[in-house]
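In case you want the letters, here they are:
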Amino acid sequence: MSNYESMIIRQRKWMLYWLAILVLCAGFLPYTRIFLGLILGSSVSLYNLWLLQYKSNKLGETVAAGRKSRTGLGTFTRMAAAVLAVLIAMRFDEYFHLYAVIIGIVSSYVVMMLDYFIYYFILRNGKED
């Protein structure tokens with residue numbers, strides 16, 4: 001398995017762990033509206049993460065094969081998904097906290113940064129010693 005594939009698997013695992021924690025918190029803590037907003041935003045964020053990884057992989061395969069890429073990385077689709085989540089939160093504001101949805105949308109980027117810092121600064125330095 002390549003380093004890129006293991007990175008993809010790690011990031012998806014962290015997002016699924018994050019969603020599981022949010023579901024447990026929504027079920028047991030009194031701040032249900034906030035946690036439902038985080039779940040909605042993080043679900044869209046997981047979709048956006050998957051789409052970005054899929055499109056990046058396809059773009060890399062196309063370039064490696066020597067062909068010219070005809071597609072992008074799905075920026076419009078990812079933005080549309082984020083806007084849809086915000087619209088759902090605004091429409092059903094009694095169930096979803098708007099700011100929590102926005103924070104949840106950003107969660108995949110936080111996971112990507114944490115994965116980078118953990119892997120490259122802690123695990124990689126430990127292997128060199």
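These lines cover the structure that appears in this document, whether it is placed above or below. Please read all numbers here as calculations on a predicted model, not as lab measurements.

### Here's the deal with the overall build of the protein chain
So, step 1. On a plain count of helices and strands, the protein chain comes out with 5 helices and 0 strands.
So, step 2. Residue burial in the protein chain is summarised as follows: out of 129 residues, 30% are buried.
So, step 3. In the protein chain, once contacts between residues fewer than 6 apart in sequence are set aside, the share between residues at least 24 apart is 68%.
So, step 4. Taken as a whole, the protein chain presents about 8,900 Å² of accessible surface, with 69% of it coming from carbon and sulfur.
So, step 5. On the protein chain, the mean spot of the 13 positive side-chain charges and the mean spot of the 7 negative ones are 10 Å from each other.

### Quick word on helix 4 (residues 98–105)
So, step 1. Residues Ala100, Val101, Gly104 and Ile105 constitute the buried set of helix 4. One face of helix 4 carries all of its buried residues, which in axial projection span an arc of 140 degrees. In helix 4, the exposed residues that point more than 90 degrees away from the buried face are Tyr99 and Ile103.

### Observations concerning the side chain of Gln11
So, step 1. Here Gln11 shows up in helix 1 (residues 3–28).
So, step 2. Those residues in contact with Gln11 that lie beyond four places of it in its chain are Leu49, Gln53, Val111, Met112 and Asp115.

### Brief notes about a nonpolar patch on the surface
So, step 1. Residues Val106, Tyr109, Val110, Met113, Leu114, Tyr116, Phe117, Ile118, Phe121, Ile122 and Leu123 make up a contiguous nonpolar surface patch of about 1,000 Å² in total accessible area.
So, step 2. Mapped onto the fold, Val110 is located in helix 5 (residues 107–128).

Reading guide: rules and limits
Residues numbered from 1 in each chain as written. Predicted model: local features only at pLDDT ≥ 70, side-chain atom pairs only at ≥ 80, totals over all residues. Heavy atoms only, no water. Helix = DSSP H or I, 4+ residues; strand = E, 2+ residues; numbered from the N terminus. Buried < 20%, exposed > 50% of the residue type's maximum accessible area, 1.4 Å probe, protein only. Contact = heavy atoms within 4.5 Å. Areas by Shrake-Rupley, 256 points an atom, 1.4 Å probe, with all protein chains shown as cover. Lys, Arg positive; Asp, Glu negative; His and termini not counted. Charge placed at Lys NZ, Arg CZ, Asp CG, Glu CD. Arc of directions from axis to C-beta. Patch = residues over 30% accessible without salt bridge, like charges linked within 9 Å, V, L, I, M, F, W, Y side chains within 5 Å. Salt bridge = Lys/Arg side-chain N within 4 Å of Asp/Glu carboxyl O.

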